Amino acid sequence: MLRIRTPRPVLAAVALSVSLTACTAQAASGPAGTDAGDPAKSRPAKVTVVDPAAGVPVTVTATGGTISEVKVVDADGGSLAGRAAAGGARWVSDRKAAPGTQYTVEVTSRTADGKESTTRSSFRTAAADKVNKLTLAPGKNTTVGIGHPVSIVFDLPVTKKADVEKQLKVTTSNATEGSWGWVKDYSGRDRADWRPRTYWKPGTKVTLEADLNGTDSGGGWFVRDYRTGFTVGSAQIVKVDLDRHRLTLDKDGRTVRTIPVSGGTPGGDKRSWRGTAVLMAKEGTINMNSETVGLGDAYDKDVDYSMRLTWSGMYAHAAPWNAAYFGNANKSSGCIGMSDEDAASFYGAVNVGDPFEITGKDTKGTVDEGNGYGAWNVSWEQWKKKSALA
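Here is a short report on the structure shown in this document. The structure displayed is predicted, hence computed values, not measured ones.

**Examining the sheet that holds strand β25 (residues 336-338)**
On the basis of which strands lie adjacent, the open sheet formed by four strands has the order β22-β23-β24-β25 and mixed pairing. Two strands close off the open sheet at either side, each with one partner strand: β22 (281-289) and β25. Adjacent strand axes in the sheet meet at a mean angle of 35 degrees when their direction is disregarded. Across two bridges, strand β23 (residues 300-308) lies against strand β24 (residues 315-318) in antiparallel orientation. Residue pairing for β24: R308 is matched across the bridge by Y315. The sheet strands contacting helix α3 (residues 340-349) are β22, β23, β24 and β25, and the helix crosses β23 at an angle near 35 degrees.

**Remarks on unusual backbone geometry**
Cis geometry is adopted by the peptide bond preceding P138, which originates at A137 and carries an omega value of 0 degrees. Within the secondary structure layout, P138 lies in the loop between β10 (134-137) and β11 (142-144). Despite not being glycine, H245 shows a phi value in the positive range, around 55 degrees. Within the secondary structure, H245 sits in the loop between β18 (236-241) and β19 (246-251). Residue classification places H245 among the buried positions, given a relative accessible area of 13%.

**Digging into the pairing of β23**
Pairing of β22 with β23, which is carried by seven bridges, proceeds in the antiparallel orientation. Paired with N287 across the two strands is D302, which belongs to β23. Hairpin connection from β23 to β24: six residues lie between these consecutive antiparallel strands, with G313 at a positive phi of about 110 degrees.

**A closer look at α3**
Turning to α3, its buried residues number three or more, namely A343, F346 and Y347. Seen end-on, α3 carries its buried residues on one side only, within an arc spanning 105 degrees. Of the exposed residues in α3, those oriented more than 90 degrees away from the buried face are E341 and G348.

Analysis parameters
- Residues numbered from 1 in each chain as written.
- Predicted model: local features only at pLDDT ≥ 70, side-chain atom pairs only at ≥ 80, totals over all residues.
- Heavy atoms only, no water.
- Pairing = 2+ DSSP bridges.
- Helix = DSSP H or I, 4+ residues; strand = E, 2+ residues; numbered from the N terminus.
- Axes fitted to C-alpha atoms, helices over the stretch in contact; angles between N-to-C directions.
- Contact = heavy atoms within 4.5 Å.
- Buried < 20%, exposed > 50% of the residue type's maximum accessible area, 1.4 Å probe, protein only.
- Arc of directions from axis to C-beta.

So, in structure tokens, the structure goes:
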């Protein structure tokens, strides 16, 4: 019976062909002397490590015998598991070799008459000329609202999106249907989001395994794997009606809070966005400067209970200077303003990841997929087409 070990996963490397024969490898064990009846039967199998390069699996072949066991171990003790093929004459690692990594390969082979021999060799893959890194959201072990996608922003360009997406695995506790979609982040960087077909079911546990070590993004190599996981909290939806100047908070299908608000001033750049925005962060008291969002010197002030909805600067927050307009007119610079008392209560009630469904006749457009988490403004069929594997 073939014994193929599957140790813990590791990651990988560069082009080099090593033939593990008597000339190029050390024979750790094997038959001594020769067989007077048939000397050929006493020769160990010729074992070859085929082109162990970064970004490709390690392949081992045997001539004149079969492979019993292969161990591929890096300098840190991590290993590349694999499986046999071609009747035991070939072995291929499940993971790709990582760049800048020293590997030791130990192969146990068996001849037709049952004699075993073990050969060892080593190789080092070339270091990556550029290393790609990423930022994950939500954070690990957090609890978020029903609208928060799994979101990955890459430091360097990803031109090999299909190769990268194949290494990304989302697992949920209730088999949630979802899809990856590639968008351009507001920062200009490449981003991949995984959103469910509909809002998450409360209580869903979500895990992301990004087995990227040894993967070439086209703009740089990944040199590690990534893991994160989070839980979906209560079913809360914020509905903002800019025409009626009113915000409602629905929880589990029931309205639990109604707040008079004032949105962005109609007729120009100060209008609010419409569509579904997702609460990205609760930032507390922050300084808001209109010049940072292209509105000249309209304002520069500290703002309490700030809740970010887009990267372009739309927030929900306390706006006591606009008190005369709450509930009856839109007179803000694009944000959704409310009284200090209402803002404090609302700030405490909402969670990062809660969707804000914003409607209104006079807005400056729909929240883009990359401007915060705007994937909910794309139909399910359209979103699936944004996958590199569609």
